[in-house]
Amino acid sequence: MLYELVNFSDQIGVLNVFKYITFRTGGAIFTALLFVMLFGPGIIDLLRVKQGKGQPIRDDGPKTHLAKVGTPTMGGLMILAGVTVATLLWANLANPYIWIVLGVTLGYGAIGFYDDYLKVTRRTSSGFSSRMRLGLELLIAAIATGLVMYLGPPEISQVLTLPFFKNLVLEMGPFFILIGVFVIAGAGNAVNLTDGLDGLAIVPVMIAAATFGLIAYLIGNAKFAQYLQIHYVAGTGELSVICGALIGAGLGFLWFNAPPAMIFMGDTGSLALGGALGAIAVATKHEIVLAIVGGLFVLETLSVIIQVASYKTTGKRVFRMAPLHHHYEQQGWQESTVVVRFWIISVILALVGLATLKLR
């Protein structure tokens, strides 16, 4: 919305700062943060009243989590509201990539919201049909990937770029849509699996958003892309604004989600945030880099896959409990220790991901 002031500023020679993605990204960070901080307490009070007993706690989970009974969920509504307001206010709404990523974010948020709603109303730790949920996720991801393929440069719209290599790409043809669907839906569910401890998921999400905000800015700038010898995708620089909104809303949410959490983000937030990161990675042609930057989410997901496969085939468990963060809790680590150490891992992986920009 404020981007439209650019046309006016061109005529009178003022407010030229609204032209710059960096300025508008900063504005999005501050706006989303302020929105969540101002309206967060009211949203928490409303959800506490509406939900009564709060989010159901797994009976087979760590016993320390029983103290969290009564904590409301659906805190993702705070994040989504902050991200949406900040994006609509600061982004160039004529840019189709903005609407694609925002559509995935809100679409996945709606799926997660319905899942959370069923959990709260039915007083169970499981929501609606996993097949229906996954089907909706795949449909949204397929539409988003198809639009990205249509908008992208013809020479790279159907290729999978490889980190650490300058010119090596995998030509996927129409099958690239399967890659995009896997990345977007996989990222959504990976963040969802990671969201199990107070503050655990939101900080790695912010780290990944900051990393991809920089990647999007460089990918969308022809001069920087040429200097770094990475693929230039016109228009994707604007996604830095959404990344900024994710950071700001995440910071605001962390204020209320820091141990002991006043609210959980629930599937409403985790599914939406992961889907947003996946969509941004597909748009910027950095799908594999997301697996590096979001390596913590990958590890959490692999721990669940390995645990299920091992138990079904051998009857034995590899981990004391899955996802991975619960395994360390069962080993005696304090919740805060697990969270902070996983944050450190996320920072290291983000730095590795950024290193690919110069090495490839």
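What you are looking at is a predicted structure, and each value in this text was computed from that prediction instead of being measured.

Draft legend 1. View of the environment of L118. Structurally, the position occupied by L118 is in helix 4 (residues 96-122). The exposure class assigned to L118 is buried, which follows from its relative accessible area of 6%. On a C-alpha basis, the gap between L118 and F128 in space is 6.8 Å, while along the polypeptide they are 10 residues apart.

Draft legend 2. Expanded view of the packing of aromatic side chains. One pass over the structure, following the stated rule, counts 5 aromatic pairs. Geometrically, the ring pair formed by F35 and F39 is tilted, given 4.7 Å between the ring centres and 40° between the ring planes. Placement of the pair is F35 and F39 together in helix 2 (residues 21-51), with a separation of 4 residues, close to one helical turn. Considering the side-chain rings of Y328 and F342, the 6.1 Å spacing of their centres and the 85° angle between planes classify their relative orientation as edge-to-face. Taken together, the residues Y328 in helix 13 (residues 324-330) and F342 in helix 14 (residues 335-359) connect sequence positions 14 residues apart.

Draft legend 3. Spotlight on the side chain of H326. Following the sequence through the fold, H326 ends up in helix 13. According to the relative accessible area criterion, H326 is buried, its value standing at 6%. There is a polar contact of 2.9 Å between the side chain of H326 and the side chain of E329.

Draft legend 4. Focus on the layout of surface pockets. One number sums up the size of the second largest pocket: a volume of about 480 Å³. Lining of the second largest pocket is provided by 21 residues; of these, F182, G186, A187, A291 and V298 occupy positions nearest its centre. Looking at the lining of the second largest pocket, the elements with two or more residues in it are helix 6 (176-194), helix 11 (287-293) and helix 12 (295-314). Looking at which element gives the most residues to the lining of the second largest pocket, the answer is helix 6, with 9 residues. Residue classes in the lining of the second largest pocket are distributed as 16 nonpolar, 4 polar and 1 charged.

Draft legend 5. Layout of the side chain of S157. As for its position among the elements, S157 is in the loop between helix 5 (130-151) and strand 1 (159-161). The contacts of S157, once residues within four sequence positions are left out, are M149, G152, F176 and K285.

Draft legend 6. Here's a closer look at helix 3 (residues 76-90). For helix 3, with 15 residues, the first-to-last C-alpha span of 21 Å sits near the 21 Å given by 1.5 Å per residue. All of the buried residues in helix 3 are G76, M78, I79, L80, G82, V83, T84, A86, T87 and W90. Looking at the buried positions of helix 3, the neighbouring elements they touch are helix 2, helix 4, helix 7 (202-219), helix 9 (239-257) and helix 10 (266-283).

Draft legend 7. Seen up close, the nonpolar core. Membership of the largest hydrophobic core comes to 81 residues, with the highest contact counts inside it found for I79, I184, I202, F212, L239, L246 and I280. Among the elements that take part in this core, helix 7 stands out by supplying 12 residues, more than any other. In this structure, I184 is in contact with V104, Y108, A141, A144, T145, G274, G275, G278, A279 and V282, ignoring residues within four places of it in sequence.

Draft legend 8. Inspection of helix 4 at higher detail. Across its 27 residues, helix 4 extends 39 Å between first and last C-alpha, which sits within 8% of the 39 Å expected from 1.5 Å per residue. Two to three positions downstream of the cap, the backbone nitrogen of Y97 sits 2.8 Å from a side-chain oxygen, assigning the N-cap of helix 4 to N95.

Conventions adopted
Residues numbered from 1 in each chain as written. Predicted model: local features only at pLDDT ≥ 70, side-chain atom pairs only at ≥ 80, totals over all residues. Heavy atoms only, no water. Helix = DSSP H or I, 4+ residues; strand = E, 2+ residues; numbered from the N terminus. Buried < 20%, exposed > 50% of the residue type's maximum accessible area, 1.4 Å probe, protein only. Phe/Tyr/Trp six-rings, centres within 6.5 Å; stacked < 30°, edge-to-face > 60°. Polar contact = N/O pair within 3.5 Å; in protein donor to acceptor, adjacent residues only side chain to side chain. 1 Å grid on protein atoms, 1.4 Å probe; cavity = no way out; pocket = protein on both sides within 12 Å on 5 of 7 lines; lining within 4 Å. Points joined across faces, edges and corners; volume = space filled by probe spheres on them. Nonpolar A, V, L, I, M, F, W, Y, C, P; charged D, E, K, R; others polar. Contact = heavy atoms within 4.5 Å. Expected span 1.5 Å × (residues − 1). Core = buried A, V, L, I, M, F, W, Y, C linked by side-chain atoms within 4.5 Å.

Everything listed is a geometric property; what it means functionally is a separate question.
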